[in-house]
Amino acid sequence: RARAHRPIRPRPMALASADEVAVEASPATAPVPVPVASEAAVEIEDISEDLSSRELALAAKARGNKAHSLNTLEGFVVAIAAYKEAISHDPTDHIFYANLCASYIELSKAKWKPGEVVDAAAKAVEAATKCTTMAPTWAKGFLRQATAEECLIKARAKWKEALAKPKTKWDEEQ
């Protein structure tokens, strides 16, 4: 059975200090300096500084999507931070607000303290409202807004139930 061809991954290069330069000698000419890995790393850093705010926003969105797909409490928190970063780079894209809303909705489902659930659901409604204001013809934004409002209504009801219950010793320790 033939194996599928897998690309060979390059091995990490040893980084040289900025003073070190590899020298290639040829018989006809004098030694010619050849750039080393540390100089290439400097060029890569300079390229990242030249990225537009839209490209930075899309990179932050990609990080948020990856974190959100983890489906964990920590993943949702990281996704929220990434989507907020994307919004700071490009506040005109309604998708970023929709994704922020989705992460807040999932965070509200992952939290167990009623006050934190209400807070996350309220922030989801806020993000969804911003999304639907920016893109009033995008149906998915209204779906997110309806879902966020439903989460907020349920969270407030549970919070009121929790406030109505008599406190126990265990509740006081928490």
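Student: Where do I start with the overall build of the chain in this structure?
Tutor: A count of helical and extended segments in the chain gives 7 helices and 2 strands. Seen in sequence order, the chain has helices and strands lined up from the N terminus as β-β-α-α-α-α-α-α-α. Here the contacts in the chain between residues at least 6 apart in sequence split such that 52% fall between residues at least 24 apart. For the chain, the accessible surface area stands at approximately 12,600 Å², while carbon and sulfur atoms represent 59% of it.

Student: Whenever I open this one, unusual backbone geometry confuses me. Can you help?
Tutor: Residues apart from glycine generally show negative phi values, whereas peptide bonds are mostly found in trans. Although it is not a glycine, Asn 71 sits at a positive phi angle of roughly 60°. Tracing the chain through its elements places Asn 71 in the loop between helix H2 (53–68) and helix H3 (73–89).

Student: Help me understand the environment of Thr 129 in this model?
Tutor: Following the sequence through the fold, Thr 129 ends up in helix H5 (residues 114–134). Thr 129 gets classed as partly exposed once you look at its relative accessible area, which sits at 32%. C-alpha separation for the pair Thr 129 and Ala 98, spaced 31 residues apart in sequence, amounts to 9.1 Å.

Student: Would you take a moment to explain the confidence of the model for the chain for this structure?
Tutor: Caution applies to low-pLDDT regions: their predicted coordinates should not be interpreted in detail. Predicted confidence across the chain gives a mean pLDDT of 79, with 68% of residues reaching 70 or more. Note that residues 6–47 has pLDDT below 50 and, in this model, 22 contacts with residues that lie over four places away or in other chains.

Student: Before we go on, may I ask you to explain the pattern of salt bridges in this structure?
Tutor: Opposite charge on two side chains permits them to pair, given that their charged atoms come into close proximity. Counted under the stated rule, the structure contains 7 salt bridges. Through salt bridges with shared partners, a single network forms among Arg 54, Asp 90 and Asp 93.

Student: I'm lost on the packing of helix H4 (residues 94–110) against H5 in this one. Help?
Tutor: A pair of packed helices is captured by two measures, namely the crossing angle of their axes and the spacing between those axes. Relative to each other, H4 and H5 sit at 160°, their axes nearing to 8 Å. With respect to H5, the axis of H4 lies roughly antiparallel. For the crossing formed where H4 meets H5, the hand is left-handed. Contact with H4, carried on its side by His 94, Tyr 97, Ala 98, Leu 100, Cys 101, Tyr 104, Ile 105, Leu 107 and Ser 108, involves Val 117, Ala 120, Ala 121, Lys 123, Ala 124, Ala 127, Ala 128, Lys 130, Cys 131 and Met 134 of H5 and no other residues of that element. Taken together, the residues of the contact of H4 with H5 break down into 15 nonpolar, 2 polar and 2 charged.

Student: Help me understand the environment of Lys 61 in this model?
Tutor: By the secondary structure assignment, Lys 61 is in helix H2. Apart from residues lying up to four places away in sequence, Lys 61 is in contact with Tyr 83, Ala 86, Ile 95, Phe 96 and Asn 99.

Student: For this particular structure, what's the right way to read helix H6 (residues 139–164)?
Tutor: Think of an α-helix as turning once every 3.6 residues; residues three or four places apart then point the same way. When the terminal C-alpha atoms of H6 are compared, their 38 Å separation across 26 residues agrees well with the 38 Å that a helix rising 1.5 Å per residue should span. Taken as a whole, H6 has its buried residues at Gly 141, Arg 144, Gln 145, Ala 148, Cys 151, Leu 152 and Ala 155. In this structure, the buried side of H6 is in contact with H4 and H5.

Student: I'm lost on the packing of H4 against H6 in this one. Help?
Tutor: Put simply, H4 and H6 touch, their axes get as near as 10 Å, and they point 25° apart. In terms of orientation, H4 lies roughly parallel with respect to H6. Classified by chirality, the crossing of H6 by H4 is left-handed. Between H4 and H6, the residues in contact are Ala 98, Asn 99, Cys 101, Ala 102, Ile 105, Ser 108 and Lys 109 and Arg 144, Thr 147, Ala 148 and Cys 151, respectively. Looking at the contact of H4 with H6 residue by residue, the classes come out as 6 nonpolar, 3 polar and 2 charged.

Student: Would you take a moment to explain the side chain of Asn 99 for this structure?
Tutor: Examined against the element boundaries, Asn 99 turns out to sit in helix H4. The residues touching Asn 99, leaving out its near neighbours within four places in the chain, are Lys 61, Asn 65, Tyr 83 and Arg 144.

Reading guide: rules and limits
- Residues numbered from 1 in each chain as written.
- Predicted model: local features only at pLDDT ≥ 70, side-chain atom pairs only at ≥ 80, totals over all residues.
- Heavy atoms only, no water.
- Helix = DSSP H or I, 4+ residues; strand = E, 2+ residues; numbered from the N terminus.
- Contact = heavy atoms within 4.5 Å.
- Areas by Shrake-Rupley, 256 points an atom, 1.4 Å probe, with all protein chains shown as cover.
- Buried < 20%, exposed > 50% of the residue type's maximum accessible area, 1.4 Å probe, protein only.
- pLDDT = per-residue confidence, 0-100.
- Salt bridge = Lys/Arg side-chain N within 4 Å of Asp/Glu carboxyl O.
- Axes fitted to C-alpha atoms, helices over the stretch in contact; angles between N-to-C directions.
- Parallel < 35°, antiparallel > 145°, perpendicular 65-115°, else oblique.
- Left-handed = near helix turned anticlockwise from the far one by under 90°.
- Nonpolar A, V, L, I, M, F, W, Y, C, P; charged D, E, K, R; others polar.
- Expected span 1.5 Å × (residues − 1).

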